[in-house]
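Fold and geometry: a report
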Amino acid sequence: MSDLAKRASVLSRRTLPPVLTVLGLALLIVGSWFTLNLGSSGSATFEATPNTRGVVVLTPDVLNRVNDDVTVTGRAKGDGQVWVGRTTPSDADAVVGKTTRVTVDGAHVRDWSLSTRASGTGDAPATLAAADVWRQSVSGNGQVRLTVSQENAPEALVVAAPGGAVDSVTLTVERKTWFWQALLIALIGLIATIVGIVGLTGLARRRRADEKKNDGATTDTEAGSTSGSKPGSKPGSKPGTTPDSTTSTEVSA
Amino acid sequence: MSRPSRSVRLAGAAAVAALALAGCGSSVVGVHDAPAQTTTTAPITSASAQQIATRVLGKAQEASEAKGDAAVALRKEALTGTALAVATAAATSEPASTTATAPVERAEPPKVLAISRGTAWPRVILAQTTEPDGGLVLNLLTSPNATTPFRLSSSARMQSGASVAALDAVTTGSPLVAEDAKDPVAPEALLKAYAGALAYPKPVATKAVETTDPFSTAVKANAAAEAKSLGKLASLTQVHQAQPDPVAIRLKDGGLLVFGLLSRTDSIKLASGGKSLTPSADFQKLVKKKTLTKSAELRTYETVVLAVPPKGAASVVAVDETLYSAKGA
């Protein structure tokens, strides 16, 4: 083995265990967090609470980023009437116009929230539901739910509460694979952590052994200067075990 | 190799696997960019169009059957443009005087033939209905903007033997053509040419439209017969005036299907030596006079649908007429 390879090996033996431990712990924490939050069904639920008298527009950026069905639940304030319509993004923009709207165009996994931005002025158009742009619409009191499949993507959803306010909007994506992936990450993290800790323990043990040997060699060297060489020691094998010049002189003579 | 080295290798492999799973991103977790919207197809699905056509034509049916203020409200809700003008005219005229084809008297649900292409407005739906006697009616539904629902804007019964060349698939959508499009003839210019060709007694010849179809032939023949019956007692002039804003849909072969409205005015003037005229029973009801001593004027809406091939003259494939005004002195 070349000198460079030896050095790299030593370096990796010393640096990899702590790195692995930290990385493993991070993966374990992240994987466990996702596993717990997604549940065995692998469903991710994001929520926004716009509390607006206008409309809430969910864009393709939150509806059509996955290949799975996305379920949106709209809730009206005070158990009022709520309506949800599905259409193309351009038609949603056209029908809402410049009235007050809260656009949902992103999601944060950190706190399972939907990112929103408000714009426009005035209440939602009274004729919103009557427009001939809706591919599907549902209405009811309190809350209504509409599932968006991906076959007609891209699409947009408009949530309105005629005569009231939209209290909250919840978006749920169910993907069983996510649960298994999160679990796998947690498991890999666990393994990496264990291996890292084992490596660290080994390193510590070796270091202690080395220190012990170093301590022993120092004592032997001190003894050799007065009584000659240590029995069984190999000349030049380790620091502190080199035969002293006195002994060497005696052999050559 | 020593035991720690083996552990390190195992851990390294685990780390690489973890990084691959966690870090290689969207393809692994199934998240991707949202697809871009296609703007060159029909803006609504064929199922939506079918639903809209059924609703609109059903309401138009209700409007035609309703009376009084309810009928007025229903007409405004279900009809627009030419169809509203014609239906209002038909409703205000005496029942015996109208010859309009009721656009929605049908035995079968409407059949959607075409949806306008693209995301812009106005949007149209072309639907065909079948009357109880088997006759086919072409209905044009229009939505001017996003917040205004579709309404019936034009309706005409197809003439016997007439046919329309294939349209693009409903899902693909059919392009709407601007009024002043130059290929092969601008829709508005086409209507004006047709109106001129029907004038009596001095028609303006045109190569743009054939006037040998049953309706055009009948209009010309009736005018000649009427003039002949009046003899020297009175003179008849018949003017057809093209109304603005025709709607033209591109056919699959590059031709056009043009929905337009003409207003026909029949003017009868008694000769200075003439005594009086006794018009038909229907006419008497309209003008509330049994005899005419000076003149008479009849105004009729003519809804026409012209099929324009990529090359050659256009032909009238569907037509409807409704008398909406009669004056006599």
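Rules behind the numbers
- Numbering of residues begins from 1 in every chain and follows the order in which that chain's sequence is written.
- For naming, the first written chain is A and the first written ligand is 1, with later ones following in the order written.
- It should be noted that, the model being predicted, local features are given only for residues of pLDDT at least 70 and side-chain atom pairs only at 80 or more, the latter also being counted only at that level, while totals for whole chains, interfaces and linings use all residues.
- The numbering of helices and of strands both runs from the N terminus, where a helix is a DSSP run of H or I of at least 4 residues and a strand a run of E of at least 2.
- For the purpose of contact definition, each residue receives a C-beta atom placed from its backbone, and two residues are in contact when these atoms lie within 7 Å.
- When residue character is reported, Ala, Val, Leu, Ile, Met, Phe, Trp, Tyr, Cys and Pro are called nonpolar, Asp, Glu, Lys and Arg charged, and the others, Gly included, polar.
- Residues with at least 20 neighbouring C-beta atoms inside 10 Å of their own are called buried, those with 12 or fewer are called exposed, and the rest are partly exposed, where every C-beta is derived from the backbone.
- A fitted line through C-alpha atoms represents every axis, and for helices the fit uses only the stretch in contact; the resulting angles, taken between N-to-C directions, go from 0 to 180 degrees.
- Just so you know how the angles are binned, under 35 degrees is roughly parallel, over 145 roughly antiparallel, 65 to 115 roughly perpendicular, and the rest oblique.
- The crossing is said to be left-handed when, going from far helix to near helix, the turn is anticlockwise and less than a right angle, and right-handed when the turn is clockwise.
- By definition, a nonpolar core groups buried Ala, Val, Leu, Ile, Met, Phe, Trp, Tyr and Cys residues that are joined through C-beta atoms within 7 Å.
- These domain limits were set by an automatic method or by a database of domain assignments.
- Two strands form a pair only when DSSP identifies at least two bridges running between them.

**Remarks on the overall build of chain B**
From N to C terminus, chain B includes eight helices and ten strands. Residue pairs at least 24 apart in sequence account for 64% of intrachain contacts in chain B once pairs closer than 6 positions are excluded.

**Description of the interface of chain A and chain B**
Taken together, the 42 residues of chain A in the interface contact 31 residues of chain B. For the side of chain A that touches chain B, the elements supplying multiple residues, two or more each, are helix H1 (3-38), helix H2 (60-63), helix H3 (89-96) and helix H4 (176-227) of chain A. The element that contributes the greatest number of residues to the side of chain A that touches chain B is H4 of chain A, accounting for 14 residues. When grouped by side-chain class, the residues that make up the side of chain A that touches chain B number 23 nonpolar, twelve polar and seven charged.

**A short note on helix H6 (residues 187-197) of chain B**
Residues and elements named next belong to chain B. Within H6, eight of the eleven residues are buried, leaving the element largely enclosed by the surrounding structure. The set of residues buried in H6 consists of Pro187, Glu188, Leu190, Leu191, Lys192, Ala193, Tyr194 and Ala195. Those residues of H6 hidden inside the fold are in contact with strand E5 (176-177), strand E6 (234-242), strand E7 (247-250), strand E8 (256-270) and strand E9 (295-308).

**Here we look at the packing of helix H3 (residues 46-65) of chain B against helix H4 (residues 68-78) of chain B**
All names here are of chain B. Closest axis-to-axis distance for the H3/H4 pair is 8 Å, and the angle between their directions is 155°. With respect to H4, the axis of H3 lies roughly antiparallel. Both H3 and H4 take part in a crossing whose hand is left-handed. Along the contact surface, H3 presents Val56, Lys59, Ala60, Glu62 and Ala63, while H4 presents Ala71, Leu74, Arg75, Glu77 and Ala78. Each residue belonging to the contact of H3 with H4 can be placed in one class, and the counts come to six nonpolar, no polar and four charged.

**Remarks on the nonpolar core**
By size, the foremost hydrophobic cluster in this structure holds 78 residues, and its most contacted members are Ile125, Leu141, Leu190, Val305 and Leu306 of chain B. Val305 of chain B has contacts with Leu138, Ala156, Leu257, Val258, Phe259, Val317 and Ala318 of chain B, leaving out every residue within four places of it along the chain. One finds Val55, Val133, Ala161 and Val173 of chain A within the second-largest nonpolar core, a separate group that totals 39 residues.

**Side note on unusual backbone geometry**
Outside of glycine, negative phi angles account for most residues, and trans bonds account for most peptide bonds. Cis geometry marks the peptide bond from Ala153 of chain A to Pro154 of chain A; its omega dihedral reads 0°. Note on placement: Pro154 of chain A falls in the loop between strand E8 (143-148) and strand E9 (156-160). Along the chain, Trp121 of chain B connects to Pro122 of chain B via a cis peptide bond; the corresponding omega equals 0°. With respect to the helices and strands, the residue Pro122 of chain B is situated in the loop between strand E1 (111-115) and strand E2 (123-130). Backbone geometry at Asp79 of chain A places phi at a positive 60°, although glycine is not the residue there. By the secondary structure assignment, Asp79 of chain A is in the loop between strand E3 (70-76) and strand E4 (81-87). Given 12 C-beta atoms within a 10 Å radius, Asp79 of chain A is considered exposed. The phi dihedral of Trp112 of chain A falls on the positive side, at around 50°, and the residue is not glycine. In this fold, Trp112 of chain A is placed in the loop between strand E5 (101-108) and strand E6 (113-119).

**A closer look at the domain arrangement of chain A**
Domain annotation for chain A reports domain 1 (9-41 + 177-220) and domain 2 (43-174). Domain 1 of chain A and domain 2 of chain A are separated by 46 Å when their C-alpha centres are compared.

**Some words on the pairing of strand E2 (residues 55-58) of chain A**
Residue and element names in this part refer to chain A. Taking every second residue as pointing to the same face, both faces of E2 are buried, with Val55 and Val57 on one and Val56 and Leu58 on the other. With four bridges connecting them, E2 and E5 associate as parallel partners. Bridge pairing in E5 places Val55 opposite Arg101. Strand direction decides the pairing type here: E2 and E9, joined by three bridges, are antiparallel. Along E9, the bridge assignment pairs Leu58 with Leu157.

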